[in-house]
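Observations on the three-dimensional arrangement
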Amino acid sequence: MKPIFLANWKMNILPAEVKEFAKNFLSQITPDANYADIGFAAPYTTLAALVDGFRGVKGILTGAQNCHWADNGAFTGEVSAKMLKDVGVNFVIIGHSERRQFFGETDETVAKRSVKALKEGLIAVVCVGETKAEYEAGRTKEIVSRQLKGSLADVTAEMTHALIIAYEPVWAIGTGLTATPEIAQSVHASIRSELTALYNANVAGAIPIIYGGSAKTDNIASLVAQPDINGGLVGGASLKPDTFAQLVQAGRQVYK
Ligand code: 13P
């Protein structure tokens, strides 16, 4: 599997900034035209500019950071998976820990959003990860297992061709603390066996499991060199074209 690197811009980057970002980034990186190995998730108001900025560039995915499970209706402040398809993005991040922590997202709502995104033909990047207190209590695998089972409750084996799992330990997000490659690998391996139990070994082996949490140019290669780490979901280091290009360059050397 080739590694995949997704930028999560979070609540950053204005539409007017995308063109320059894309130009600068593409002057440093040639995306793999045979395989989308790079992606950008932007705020809703930046999506049209994002799609436009990378139009015609093969190997770049464009995405949003959440979606609702209904097609439309009285859901103030929400955006549906259908609307994301309409604006032209390829993927959507679901169940990010910032949504779970600050906006009341639960495994049940993540499950509904995930299945709807997949049914609409979007790639769903479903996030799991334990808090610092859970990590310190040695509960990482228990928490991640519960989140996975709950979040994928209605995702069938057939739908998993468009599924990506992101493991993001909450204590590593934006803190400069990265899980060591060994710690991350051990959790990724347990995610893989959880997926094997939910589906089967063939299906589980084909689902990319990417790591997020202070991923940087100088740690990405050792992370993706691990057998079950298939790429990165990158926050802070994705906000500048130079730093993200360097990270992708460092990480994509590793093929498995
Ligand atoms: P940082 O890379 O800023 O730690 O953020 C990780 C993240 O939350 C990506 O979704």
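In the block above lies the structure referred to throughout.
**Section: the nonpolar core**
Within the largest apolar cluster, 68 residues are counted, with the highest numbers of intra-cluster contacts made by Phe25, Phe40, Ile165, Ile191 and Phe244. Ranked by residue count, the leading element in this core is helix H11 (residues 241-251), at five residues. When residues no more than four places from it in sequence are discounted, the contact partners of Phe25 are Ile38, Phe40, Ile60, Pro241, Phe244, Ala245 and Val248. Counting 12 residues, the second largest nonpolar core, distinct from the first, contains Leu6, Ile93, Val125 and Ala166.

**Considering the pairing of strand S2 (residues 38-41)**
Residues of S2 alternate between two faces, with Ile38 and Phe40 on one and Gly39 and Ala41 on the opposite face, all of them buried. The pairing of strand S1 (residues 4-8) with S2 spans four bridges and is classified as parallel. Residue pairing for S2: Ala7 is matched across the bridge by Phe40. For the crossover from S1 across helix H1 (residues 15-28) to S2, the handedness is right-handed. In this fold, the crossover linking S2 to strand S3 (residues 60-64) by way of helix H2 (residues 47-53) has right-handed handedness.

**Some words on the site of the ligand**
Neighbouring residues of the ligand: 13 residues in total, closest His96, Glu168, Gly174, Ser214 and Gly236. Interatomic distance of 2.9 Å between a side-chain N/O atom of Asn8 and an oxygen atom of the ligand. Contact between the ligand and Ser214: an oxygen atom at 2.7 Å from a main-chain N or O atom of the residue. Contact with the protein chains removes 96% of the 310 Å² of surface that the ligand exposes when unbound. Partitioning the shell around the ligand into residue classes produces four nonpolar, seven polar and two charged.

**Observations regarding the packing of aromatic side chains**
In this structure the tally under the stated criterion is 11 aromatic pairs. Taking the centre distance of 5.3 Å and the plane angle of 50° together, the rings of Trp9 and Phe40 count as tilted. Of this pair, Trp9 sits in the loop between S1 and H1 while Phe40 is found in strand S2, placing the two residues 31 residues apart along the sequence. Taking relative accessible area as the criterion, Trp9 reaches 0% and is therefore assigned buried. An aromatic cluster is present here, built from Trp9, Phe21, Phe25, Phe40, Phe54 and Phe244 joined pairwise through their rings.

**With respect to the pattern of salt bridges**
In total, this model carries 17 salt bridges according to the counting rule given. Between Lys2 and Asp32 there is a salt bridge, and its shortest N-O distance comes to 1.9 Å. Taken together, the residues span a long stretch of sequence, with Lys2 in the segment before S1 and Asp32 in the loop between H1 and S2 at a distance of 30 residues. A relative accessible area of 15% places Asp32 in the buried class. Arg100 serves as the salt-bridge partner of Asp107, at 2.6 Å between the closest nitrogen and oxygen. Of the two residues, Asp107 and Arg100, neither departs from the other in class, the shared state being buried. Because the salt bridges share partners, they merge into one network encompassing Asp71, Lys82, Lys116 and Glu120.

Calculation criteria
Residues numbered from 1 in each chain as written. Predicted model: local features only at pLDDT ≥ 70, side-chain atom pairs only at ≥ 80, totals over all residues. Heavy atoms only, no water. Core = buried A, V, L, I, M, F, W, Y, C linked by side-chain atoms within 4.5 Å. Buried < 20%, exposed > 50% of the residue type's maximum accessible area, 1.4 Å probe, protein only. Helix = DSSP H or I, 4+ residues; strand = E, 2+ residues; numbered from the N terminus. Contact = heavy atoms within 4.5 Å. Pairing = 2+ DSSP bridges. Right-handed = clockwise from strand over helix to strand, strands pointing away. Near = heavy atom within 4 Å. Polar contact = N/O pair within 3.5 Å; in protein donor to acceptor, adjacent residues only side chain to side chain. Areas by Shrake-Rupley, 256 points an atom, 1.4 Å probe, with all protein chains shown as cover. Nonpolar A, V, L, I, M, F, W, Y, C, P; charged D, E, K, R; others polar. Phe/Tyr/Trp six-rings, centres within 6.5 Å; stacked < 30°, edge-to-face > 60°. Salt bridge = Lys/Arg side-chain N within 4 Å of Asp/Glu carboxyl O.

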